[in-house]
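# Report on the structure
Now for the letters of each chain:
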Amino acid sequence: MPQKIKRPKPDKKPEPDRPSLQQVIENLEQWVNSPGLQPPN
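## Regarding the overall build of the protein
The helix and strand tally for the protein stands at one helix and zero strands. Here the protein holds 41 residues, and 0% of them are scored as buried. Summed over all atoms, the accessible surface of the protein reaches about 5100 Å², with 57% contributed by carbon and sulfur.

Written as structure tokens, this is what we have:
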């Protein structure tokens, strides 16, 4: 009889893969306010 292949159960992640909207807004503000960002010509 063939043996069944045991598949590892996926671990539950405490945080979702997608960042929350609040994190996106904060990251965007930090990027916009960074000194390395050049204004459009």
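## As for a nonpolar patch on the surface
Taken together, the side chains of Leu-21, Val-24 and Ile-25 make up a nonpolar region of the molecular surface, amounting to roughly 270 Å² of accessible area. The residue Ile-25 is located in helix α1 (residues 21-32) in this model. A relative accessible area of 38% places Ile-25 in the partly exposed class.

Scoring rules and cut-offs
- Residues numbered from 1 in each chain as written.
- Predicted model: local features only at pLDDT ≥ 70, side-chain atom pairs only at ≥ 80, totals over all residues.
- Heavy atoms only, no water.
- Helix = DSSP H or I, 4+ residues; strand = E, 2+ residues; numbered from the N terminus.
- Buried < 20%, exposed > 50% of the residue type's maximum accessible area, 1.4 Å probe, protein only.
- Areas by Shrake-Rupley, 256 points an atom, 1.4 Å probe, with all protein chains shown as cover.
- Patch = residues over 30% accessible without salt bridge, like charges linked within 9 Å, V, L, I, M, F, W, Y side chains within 5 Å.
- Salt bridge = Lys/Arg side-chain N within 4 Å of Asp/Glu carboxyl O.

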